[in-house]
2 protein chains.
Amino acid sequence: MHSMSDATGSPVTDLTRRVAALALDHVVDPPRGADPVVRFASPDELVAAFASSVGLALGADAPPHDADAVVAAARTVLHHSVQTTHPRFLNQNFAGVDPVAVVGDWLAAALNTANSTYEIAPVFHLLESALLTKLADVAGFPTAGPDQGPVELPPGLFCPGGSIALLYALQLARHRLQPDLVTAGAGPAPLSIFVSEAGHYGAGKAAALLGLGTDAVVEVATDHDGAMDPEALRRAMDDAVAADRTPLAVIATAGTTVTCAFDPLDEIADACAEHGTWFHIDGCYGASALFSPDHRHRLAGSHRADSMVWNLHKMMGMTQQCTALLLREPERLAACFSSGADYLFQTDKQFGEWDSGDRTYQCGRRVDAVKLWLTWKARGDAGFAARIDHAVAMADFSRMVISASDGAFVPLVDTGFTNVVFLWVPPDLRPLVPGDLTDDVRDRLHRLAPRIKARMQAEGTALVGYQPVHGINAFRLLFMNPEVRPEDVDAVLDHIARYGAEEWTSLD
Amino acid sequence: MHSMSDATGSPVTDLTRRVAALALDHVVDPPRGADPVVRFASPDELVAAFASSVGLALGADAPPHDADAVVAAARTVLHHSVQTTHPRFLNQNFAGVDPVAVVGDWLAAALNTANSTYEIAPVFHLLESALLTKLADVAGFPTAGPDQGPVELPPGLFCPGGSIALLYALQLARHRLQPDLVTAGAGPAPLSIFVSEAGHYGAGKAAALLGLGTDAVVEVATDHDGAMDPEALRRAMDDAVAADRTPLAVIATAGTTVTCAFDPLDEIADACAEHGTWFHIDGCYGASALFSPDHRHRLAGSHRADSMVWNLHKMMGMTQQCTALLLREPERLAACFSSGADYLFQTDKQFGEWDSGDRTYQCGRRVDAVKLWLTWKARGDAGFAARIDHAVAMADFSRMVISASDGAFVPLVDTGFTNVVFLWVPPDLRPLVPGDLTDDVRDRLHRLAPRIKARMQAEGTALVGYQPVHGINAFRLLFMNPEVRPEDVDAVLDHIARYGAEEWTSLD
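Reading guide: rules and limits
- Residues numbered from 1 in each chain as written.
- Chains lettered and ligands numbered in written order.
- Predicted model: local features only at pLDDT ≥ 70, side-chain atom pairs only at ≥ 80, totals over all residues.
- Heavy atoms only, no water.
- Helix = DSSP H or I, 4+ residues; strand = E, 2+ residues; numbered from the N terminus.
- Rg over C-alpha atoms; globule rule 2.2 N^0.38 Å.
- Buried < 20%, exposed > 50% of the residue type's maximum accessible area, 1.4 Å probe, protein only.
- Contact = heavy atoms within 4.5 Å.
- Areas by Shrake-Rupley, 256 points an atom, 1.4 Å probe, with all protein chains shown as cover.
- Lys, Arg positive; Asp, Glu negative; His and termini not counted.
- Charge placed at Lys NZ, Arg CZ, Asp CG, Glu CD.
- Domains from an automatic or database assignment.
- Polar contact = N/O pair within 3.5 Å; in protein donor to acceptor, adjacent residues only side chain to side chain.
- Nonpolar A, V, L, I, M, F, W, Y, C, P; charged D, E, K, R; others polar.
- Buried area = accessible area lost by both parts, 1.4 Å probe.
- Least-squares fit on C-alpha atoms with pLDDT ≥ 70 in both.
- Core = buried A, V, L, I, M, F, W, Y, C linked by side-chain atoms within 4.5 Å.
- 1 Å grid on protein atoms, 1.4 Å probe; cavity = no way out; pocket = protein on both sides within 12 Å on 5 of 7 lines; lining within 4 Å.
- Points joined across faces, edges and corners; volume = space filled by probe spheres on them.
- Expected span 1.5 Å × (residues − 1).
- Phe/Tyr/Trp six-rings, centres within 6.5 Å; stacked < 30°, edge-to-face > 60°.
- Lys NZ or Arg CZ within 6 Å of the ring centre and 35° of its normal.
- Axes fitted to C-alpha atoms, helices over the stretch in contact; angles between N-to-C directions.
- Parallel < 35°, antiparallel > 145°, perpendicular 65-115°, else oblique.
- Left-handed = near helix turned anticlockwise from the far one by under 90°.
- pLDDT = per-residue confidence, 0-100.

Caption draft 1: Representation of the overall build of chain A within the structure. Looking only at helices and strands, chain A features 14 helices and 12 strands. For 508 residues, the compact-globule estimate of 2.2 N^0.38 gives 23 Å, and chain A sits close to it at 25 Å. Along the first, second and third principal axes, the C-alpha set of chain A runs to 75 × 70 × 45 Å. In chain A, which comprises 508 residues, the share counted as buried stands at 69%. Within chain A, contacts between residues at least 6 apart in sequence are counted, and of these 71% link residues at least 24 apart. For chain A, the accessible area works out to roughly 15400 Å², and carbon and sulfur atoms hold 51% of it. Of the charged side chains in chain A, 38 are positive and 63 negative; the average position of the first set lies 3 Å away from that of the second.

Caption draft 2: Broad picture of the domain arrangement of chain A. Residue and element names in this part refer to chain A. Partitioning chain A into domains gives domain 1 (156-337) and domain 2 (380-506). Taking only C-alpha atoms into account, the centre of domain 1 sits 30 Å from that of domain 2. In this structure, the connection of domain 1 to domain 2 is made through 11 residue pairs in polar contact (both at pLDDT 80 or more). A per-class count over the side of domain 1 that touches domain 2 returns 10 nonpolar, 8 polar and 4 charged.

Caption draft 3: Here's a closer look at the interface of chain A and chain B. Opposite the 159 residues of chain A that make contact, chain B presents 159 residues. The largest per-residue losses of area from chain A upon contact with chain B belong to Leu58, Tyr361 and Lys377 of chain A, which jointly make up 7% of the total buried on that side. Residue contributions to the side of chain A that touches chain B peak at 14 residues, all from helix H12 (residues 369-403) of chain A. Taken together, the residues of the side of chain A that touches chain B sort by class into 89 nonpolar, 45 polar and 25 charged.

Caption draft 4: Local environment of the relation of the copies chain A and chain B. Mapping chain A onto chain B is achieved by rotating through 180° and translating by 0.0 Å along the same axis, at an RMSD of 0.0 Å. Such a combination of rotation and displacement between the chain copies is what one expects of a two-fold axis. Relative to the rotation axis, the closest C-alpha in chain A is found at Leu210 of chain A, a distance of 2.2 Å. By residue overlap, the copies meet face to face through one surface: 100% of the interface positions of chain A are interface positions in chain B.

Caption draft 5: Structural view of the side chain of His125 of chain B. Along the chain, His125 of chain B turns up in helix H5 (residues 122-139). If near-sequence neighbours (up to four positions away) are discounted, His125 of chain B is found in contact with Asn115, Ser116, Thr117, Tyr118, Trp354, Asp355 and Ser356 of chain B.

Caption draft 6: Geometry of the nonpolar core. Among the nonpolar cores identified, the biggest contains 222 residues, and Trp106 of chain A together with Trp106 and Trp310 of chain B are the most heavily contacted of them. In terms of nonpolar packing, the next biggest core, distinct from the first, is built from 72 residues, Val217, Ile251 and Val309 of chain A together with Leu167 of chain B among them.

Caption draft 7: Main features of empty space enclosed by the protein. As enumerated under the stated definition, the model contains 15 cavities of 30 Å³ or more in all. Approximately 630 Å³ is the volume attributed to the largest cavity. Taken together, 47 residues form the lining of the largest cavity, with Asn93, His200 and Lys314 of chain A together with Tyr343 and Cys363 of chain B sitting closest to its centre. Mapped onto the lining of the largest cavity, the elements with two or more residues apiece are helix H6 (162-177), helix H8 (202-209), strand E5 (246-253), strand E6 (278-282) and strand E7 (307-311) of chain A. No other element matches H6 of chain A, which puts 4 residues into the lining of the largest cavity. In terms of residue class, the lining of the largest cavity is made up of 17 nonpolar, 24 polar and 6 charged. In this structure, the second largest cavity spans a volume of roughly 550 Å³. As for the second largest cavity, its lining consists of 40 residues, of which Tyr343 of chain A together with Asn93, His200, Asn311 and Lys314 of chain B are closest to the centre. At the level of elements, helix H6 (162-177), helix H8 (202-209), strand E5 (246-253), strand E6 (278-282) and strand E7 (307-311) of chain B are the ones that each hand at least two residues to the lining of the second largest cavity.

Caption draft 8: Highlighting helix H5 (residues 122-139) of chain A. Residues and elements named next belong to chain A. Between its first and last C-alpha, H5 extends 26 Å over 18 residues, near the 26 Å set by a 1.5 Å rise per residue. Within H5, 17 of the 18 residues are buried, leaving the element largely enclosed by the surrounding structure. With its phi angle positive at about 85°, Gly140 sits one or two positions after the end of H5.

Caption draft 9: Seen up close, the packing of aromatic side chains. Enumeration according to the criterion identifies 31 aromatic pairs over all chains in this entry. Seen in terms of ring centroids, Trp376 of chain A and Phe384 of chain A are 4.8 Å apart; in terms of plane orientation they differ by 25°. Their pairing is stacked. Using a relative accessible area of 0% as the deciding quantity, one classes Trp376 of chain A as buried. Taken together, the aromatic side chains of Phe40 of chain A together with Tyr118, Phe351 and Trp354 of chain B make up a single cluster linked through ring pairs. Arg328 of chain A extends its terminal NZ or CZ atom over the ring of Phe141 of chain A, reaching a point 5.8 Å from the ring centre.

Caption draft 10: The arrangement of the side chain of Asp488 of chain A in detail. Relative to the assigned elements, Asp488 of chain A resides in helix H14 (residues 486-506). By relative accessible area, which is 5% here, Asp488 of chain A ends up buried.

Caption draft 11: Spotlight on the environment of Glu119 of chain B. Structurally, Glu119 of chain B is set in the loop between helix H4 (99-110) and H5. With 262 residues separating them in the primary sequence, Glu119 of chain B and Asp381 of chain B have C-alpha atoms 31 Å apart.

Caption draft 12: The packing of helix H1 (residues 11-28) of chain A against helix H3 (residues 67-80) of chain A, seen in detail. Residue and element names in this part refer to chain A. Running from amino to carboxyl end, H1 crosses H3 at an angle of 20°, the nearest separation of the two axes being 10 Å. Taken together, the axes of H1 and H3 lie roughly parallel to each other. Two packed elements cross with a definite hand, and for H1 against H3 that hand is right-handed. Residues Pro11, Asp14, Leu15, Arg18, Val19, Leu22 and His26 of H1 form the contact with H3, whose participating residues are Ala67, Asp68, Val70, Val71, Ala74, Arg75 and Leu78. Among the residues forming the contact of H1 with H3, the class breakdown is 9 nonpolar, 1 polar and 4 charged.

Caption draft 13: Just unusual backbone geometry, in detail. In the segment running from Gln320 of chain A into Gln321 of chain A, the intervening peptide bond is cis, with an omega of -5°. For Gln321 of chain A, the location among the structural elements is in the loop between E7 and strand E8 (323-327). Located in the positive-phi region is Asp244 of chain B, a residue other than glycine, with phi close to 65°. As for its placement among the helices and strands, Asp244 of chain B is situated in the loop between helix H9 (230-242) and E5. The backbone phi angle of Cys363 of chain B is positive, close to 70°, even though this residue is not glycine. According to the relative accessible area criterion, Cys363 of chain B is buried, its value standing at 9%.

Caption draft 14: Local environment of the confidence of the model for chain A. Averaged over every residue, the pLDDT of chain A is 95; residues scoring 70 or more account for 98%. Scored as a complex, the prediction yields pTM 0.97 and ipTM 0.97.

Caption draft 15: Broad picture of the packing of H4 of chain B against helix H12 (residues 369-403) of chain B. All names here are of chain B. At their nearest, the axes of H4 and H12 sit 7 Å apart, and the two run at 140° to each other. The angle between the axes of H4 and H12 places the two elements in the oblique class. Considering the relative orientation of H4 and H12, their crossing is right-handed. The residues of H12 that touch H4, namely those facing Pro99, Val100, Ala101, Gly104, Asp105, Leu107 and Ala108, are Val370, Lys371, Leu374, Thr375, Ala378 and Arg379. The residue inventory of the contact of H4 with H12, partitioned by class, reads 8 nonpolar, 2 polar and 3 charged.

Printed below as a string of structure tokens:
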């Protein structure tokens, strides 16, 4: 019936086993040290790389290919993909996936089901409930207690990514303000959402999608390192009220994207309480600090939030994606999102009260819980704490190297956590006094980071991201991969210095 | 640093290999025949099942567990999960995952990256582009042609599920009507969305989330089998305009959830053209008919749509989730969703023009493309056609058995495609004349299906869904698993008849 038969021992089974073996080899023996972080190629070069196996395009009458060709194609995928588990991949706010999480994800994929009803996902409903209870407990949200076992209505939901989870939170906030929202649509009263200048741009995107518009988003000033100024928030909320706008929600950021700054949650909670405003925490990046006894103080006040989003696929090494939306009042989910479809949420079936699908916008969701559950069982709370502490230790090490570099590297902002933002300084500009730079030199310095980055990519020695900070492109080391060692930090900084020196002289 | 070391040969590697082996065994040798479709257990029984390994809950100070315990837990997950690849799982609009898709998904998980920038996902950007071009070509949307190779701006996007994709489509439609939507928010003019009575409830959910409200959704009458009546649509649109509402979008359904009916796309396109209304196709379930030369006529007119959503994780056996949103004018994505974050979408980096993240609401997306690409390369267009044709052949076989059953089974609606909706009739009610049933008998018949379903679950012999059709719970066989054989159909129907006979006599 198919071009390839399906019986065990068949070509499909052979192909399946061979691709699985490739993937497994990659997981248990990932690249490190001098192995390339990327074998960078242009789109045309990538097209050429697939030409000898199956071809990249799917033509007008795409033929089946034999197992050898498909396995060769899978090898090409591996060969030219970015190695995000490499200890010298410090480029992104995810890195160093946990191998247990990978195979937990594989188990979920093998059992392919939708996390919508107990009927088709009984185990996954219980695992999700246990995890959400534990996460909510860690964050200080009210729960039945993590030792009580899974509950029908857990304190939240797993979502495909932080932006989707934010959409849920803001719609719940809007629904609390306007109980007929679901049927009647948004009323005419203008609403305002508050987020810091350093907060994630997802706030504006969510406001646009919800029909509020980005004009409804008020950007609140921050301190030098990127944490929200609570006095500025109070003024902004007062200004909104004075302009006849209702404060819909304050989005406090626990771990900003660039500097990993933590907004002062307790003071923000006070401001929200005064206005009766929904208090949301964007903990996508930084909420994992809660796992470490040494660092959980950064989120003091998290227990007062109405909602919090936490991406376990960032610092905690889950595969993409593993996002928990935690809720103080999870019963709001059904009130806001239920549709009661009778072909799926039959009221006359067994254990239908567990069904999560009718509490969600999505209905069917990929199972993101089992990988986290399996990893947590293997690592324990102590293992999760160790991952955070190691990340900060490596960040501290890099801060030490930078500070001992005699001005070769200059730190720009520093929140003492996992992000290290710095410039490499050409010898002729040391010691760097940013205020003294001419526009021309400033512009050359700004154009240097992309050149250094291109060299990293071309040689595959490291990957580190950059972005403008105070008008100059600065590099940002992001630590979370437990495989990073001091020698990796040294090597990455050495490469940046070498490329910098070579590129600086050729920059016009 | 961790409770379990990470070096090759370590306990973590041992655990990783053992869980991977469990998952792989399940994929290459899935349950079939008399193997249980489910080992159904209550929540309390599931908690008990994990008690001997790691425990289900994550307690207040969750300890690490050794590899033996975690592997035992993974076995329990497998043991008690629903076997959606079993040929007698005919319960859901997904089933029979393709083993090549599973290991393609594994490869993506092993390479764990976010599909946001070319920089961190170069290969995946090209594969996604090639796939979207091919899918758009199959649906008749304008493309550069599938033989041309990947393009920077592909005709769509992969999304985590049909509901999220619908949200994109409706926001794009609203943005076409109101160019200042993103900044100013939704204007006060009331909008209307049209979908058939048999269409997916996701339309109302999307309307609520966008701030339009479910009151904006107009349900259009269908024919007996569930296909939209185009004359009723025209009247509904005229009524809306007469009431000073602007028609925002018509959602035509290609494959309704219960009967897999196909709305008349060409006539709907005509109505949309007259009103300048966005023409969206919900092809989540049925768009895969396009792969079969024998069945693609059911979507005649698809080439005229502005957008179409297509869940390849339904009929085509991709793992959860693999949803393509196809767009006639993909340049609308950036106009509507771009934020231009400078730490991610640097304008001075290489091949940034390929970055998909700034064209999406989500930014980072799990890689859903590689599994579809690898499977398509292995199966070819002919293999994809064969999967659809086999599904219809098995549905036809079940229709034949039902029609030859001397009234033991009665078909209720029939669109001649992959869904078969029917009742089992107790001997004392044969031949069934629904109009002659007393309310009491009708009520008993309605309560019979849940009893039969509970027996299936208790014995694990089959899983088939039911829902009310004309007021009586009716079973619905959903065919798409290529492993289904006539003997599976016979066995499932025999079980239903046996459970029905046994339960009917005990129903009060």
